[in-house]
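Read off the chains here:
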Amino acid sequence: MRQLQKIRQYQRLYQHYGAAPASTTIAEVAEVALCSERHARTLLRQLAQSGWLSWDAQPGRGHRATLHCLTTTSELSAPLMHACLEKGDYQSALQLADGDPASLHHIITPFLGGKWLKHQPTLRIPWYRPLTSLHPALQRRRAEQHIICAVHAGLTRYASGHPRPVPDLAHHWEASEDKLAWRFYLRSGAHWHNGQSISDEDILSALHQLFTDPARNSGLAHVQTVSLVAPWCLEFQLNTPDAMLAHRLAHHACRLPHPQQPDIGAGPFAIARHHSHYLRLERQPWYFAAHPLLHAIEFWRTRSEAERPAWITVGKGDNARASVTSTSGGFAWLMLNAMLPEPLAAWLRQEIQHINQQYLCREDVDTRTEILPGIATPALPDVSEVALPATLSLVCYDTPGLSDLASMLQARLKKRGCDVSIQWKDREEWHAPDALAQGDILLGDYLAGEVPEFALAEWFTEEPAWATALGQAAWRKAKQALMAYCESEESLRKHLPAFFQHLLESGACTPLFHYRYRLNTLENVQDIVLTASGWLDFTRAWLPPVQERTISAS
């Protein structure tokens with residue numbers, strides 16, 4: 001785009017010379033504009049004719065000229081940014097903004113939410129940070145997990161409102177009576193996003209990659225073998241009875257990317273573009289199930305991480321017409337290192353609970369905690385004051401509610417002569433080897449799943465903080481007991497409440513608050529359905545026509 005190049009060159013001149021008249025030479029202009037001296041003369045003539053600058057050259061070789069930039073770069077770039085955004089050309093708009101998405105914020109706002117772009121329904125979502133890798137092995141962040149499930153298919157998947165996993169690449173499955181052998185009957189005729197047919201060998205190969213990846217297979221250690229026992233029929237042999245295998249395979253980490261091209265999936269949406277500031281998903285024409293009603297979903301980075309909003313917005317922020325809210329079944333929690341003296345641990349639990357209940361005032365949290373129906377945080381007995389150590393270490397998920405709580409605890413204990421050092425960790429850092437081993441106080445959170453009982457059991461199996469709170473040996477023994485309950489769904493539902501009630505009463509884990517999820521929406525985004533993790537179900541949303549047409553009787 002010639003106009004874009006012209007503005008970019010003017011931006012360089014403006015950044016170098018500023019708004020005041022400046023003495024310069026043609027050679028210096030060429031160096032700043034990154035062009036030849038011959039082109040610099042042409043460029044200056046064009047910019048002067050456009051009224052953007054004045055160029056007063058003195059006759060004679062070696063004489064300096066006067067360059068005066070007459071307009072700001074934002075005045076020039078805003079109309080072109082607007083035209084680029086209307087066409088969906090985010091990259092050109094971002095170039096005009098000098099790579100700073102925050103400077104695009106006010107211009108982008110009218111383009112957010114549900115829009116018809118080239119006669120296709122498109123949903124644009126503003127976001128505050130780069131969306132990183134969308135490979136199932138590499139993501140523990142909520143937004144990326146949700147997108148992974150839209151891009152990649154698995155043998156099974158969860159659907160909002162369904163109490164059990166639904167078919168995906170497997171059209172149905174069955175288990176032996178002892179739950180040691182499972183057969184998954186695969187769809188034939190399905191395709192990857194690149195149009196290539198999905199073979200049963202592709203699915204087997206993708207599963208082998210899953211089972212050999214420590215970042216993905218933590219809940220599948222009991223799978224002994226998986227093989228094709230007939231065309232389009234997979235058999236799993238387990239060394240421990242497990243009635244919940246279909247649930248485990250619906251986890252985002254068990255999505256199955258193309259075995260040779262991991263960016264290619266088989267889910268309802270394909271990755272069309274993925275940059276640090278922009279992600280575009282497009283409806284997958286080869287998808288084997290019901291097609292979504294939206295053609296595309298775009299994430300546009302318009303803010304910095306420091307400006308992280310409390311709520312997800314699908315629309316124009318404060319101008320959004322309505323909102324959909326839910327309270328998460330997941331919760332933020334406190335765990336303490338098993339090596340701390342019990343009197344100190346009891347006092348810290350009491351103090352942190354007091355701060356949480358009395359001083360943590362955020363509209364995006366609910367300090368009433370019930371981790372499952374009937375399992376609320378028990379009232380622990382009052383404890384006496386204790387002598388505090390000179391220092392304590394706190395490891396905290398870097399989320400707004402937990403960050404506030406950690407900072408308040410740090411300030412209160414400092415007044416009592418105890419310095420609390422805080423390590424802020426994102427979800428990837430949290431799961432790094434030994435990341436939590438030296439922490440005295442751990443503040444983290446559990447993200448709920450579509451099936452509450454099973455999701456809670458899965459969290460206990462995967463959360464590394466339990467090793468710090470219980471000790472490795474005790475955690476390993478408890479996981480074995482939990483797996484034994486999975487011999488049937490009825491057994492898990494029966495034993496799970498008592499299992500977690502014991503953990504809460506012992507103080508091994510103290511739930512602190514639930515997250516309140518709110519999705520701000522525009523009036524033209526229809527069928528907003530929230531998942532258990534508080535995200536919009538991309539497969540169900542739709543946009544009404546641009547202009548309603550009156551249907552008249554013939």
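Residues numbered from 1 in each chain as written. Predicted model: local features only at pLDDT ≥ 70, side-chain atom pairs only at ≥ 80, totals over all residues. Heavy atoms only, no water.

Student: Can you help me understand the nonpolar core in this one?
Tutor: Across soluble globular proteins, nonpolar side chains show a tendency to be buried alongside one another. Counting 70 residues, the largest nonpolar core has W333, W459, W466 and F500 as the members making the most contacts within it. If you look at the next biggest cluster of nonpolar residues, it comprises 29 residues, including I203, L207, V226 and L256. (Core = buried A, V, L, I, M, F, W, Y, C linked by side-chain atoms within 4.5 Å. Buried < 20%, exposed > 50% of the residue type's maximum accessible area, 1.4 Å probe, protein only.)

Student: Can you walk me through the confidence of the model for the chain in this structure?
Tutor: When pLDDT drops low, the exact placement of atoms in the prediction is not to be read closely. Overall, the predicted model of the chain reaches an average pLDDT of 85, with 89% of residues at or above 70. At the level of individual helices and strands, the chain shows its lowest average pLDDT in strand β15 (residues 312–314), which scores 61, and its highest in strand β9 (residues 181–186), which scores 98. Confidence drops under pLDDT 50 across residues 316–320; counting only partners more than four residues distant or on other chains, this segment forms seven contacts. (pLDDT = per-residue confidence, 0-100. Helix = DSSP H or I, 4+ residues; strand = E, 2+ residues; numbered from the N terminus. Contact = heavy atoms within 4.5 Å.)

Student: Hey, could you run me through helix α4 (residues 73–86) in this one?
Tutor: Given 3.6 residues per helical turn, the α-helix brings residues three or four places apart onto the same face. For α4, which comprises 14 residues, the first-to-last C-alpha distance of 20 Å matches the rise-based estimate of 20 Å (1.5 Å per residue) to within 8%. Every buried residue of α4 is listed here: L76, S77, L80, M81, C84 and L85. (Expected span 1.5 Å × (residues − 1).)

Student: Which parts of the structure should I look at to understand the sheet that holds strand β2 (residues 53–56)?
Tutor: Two strands in a sheet stick together by hydrogen bonds in their backbones, pointing the same way (parallel) or opposite ways (antiparallel). Ordered by their spatial adjacency, three strands build an open sheet running β1-β3-β2, and the pairing between neighbours is antiparallel. The sheet is open, and its two edges are formed by β1 (22–24) and β2, each paired on a single side. Strand-to-strand twist across the sheet, computed as the mean angle between neighbouring axes with direction ignored, equals 25 degrees. Sheet topology note: the β1/strand β3 (residues 65–69) ladder contains three bridges and is antiparallel. Residue pairing for β3: S23 is matched across the bridge by T66. Relative to β3, helix α1 (residues 2–17) is tilted by about 105 degrees, and along the sheet it contacts β1, β2 and β3. (Pairing = 2+ DSSP bridges. Axes fitted to C-alpha atoms, helices over the stretch in contact; angles between N-to-C directions.)

Student: Help me out: how do you make sense of the sheet that holds strand β5 (residues 120–127) in this one?
Tutor: The strand order across the open sheet formed by five strands is β4-β5-β14-β13-β12, and the pairing between neighbours is mixed. Edge positions in the sheet fall to β4 (113–117) and β12 (269–275), since each has one partner strand and no second. Across the sheet, the axes of successive neighbouring strands diverge by a mean angle of 20 degrees, strand direction being ignored. Pairing analysis gives six bridges linking β12 to strand β13 (residues 278–283), with the strands arranged antiparallel. Across the sheet, A270 pairs through a bridge with E282, a residue of β13.

Student: What exactly am I supposed to notice about the side chain of N337 here?
Tutor: Position of N337 among the secondary structure elements: in the loop between β16 (322–336) and α10 (342–358). At 2.9 Å, the side chain of N337 forms a polar contact with the backbone oxygen of G439. Apart from the residues lying within four places of it in its own chain, the contact partners of N337 are A437, G439, D440 and T468. (Polar contact = N/O pair within 3.5 Å; in protein donor to acceptor, adjacent residues only side chain to side chain.)

Student: Where do I start with the side chain of E144 in this structure?
Tutor: Structurally, E144 is set in helix α7 (residues 142–151). Residue class for E144 comes out buried when judged on its relative accessible area of 0%. From its side chain, E144 meets the backbone nitrogen of T132 in a polar contact 3.2 Å long.

Student: Quick question: what am I supposed to make of helix α2 (residues 26–33) here?
Tutor: Where α2 is concerned, the buried positions are I26, V29, A30, V32 and A33. End-on view of α2: buried residues confined to an arc of 165 degrees, all on one side of the axis. Check the buried side of α2 and you find it contacts α1, β1, α3 (37–49), β2 and β3. One or two residues past the end of α2 sits L34, with phi positive at roughly 60 degrees. (Arc of directions from axis to C-beta.)

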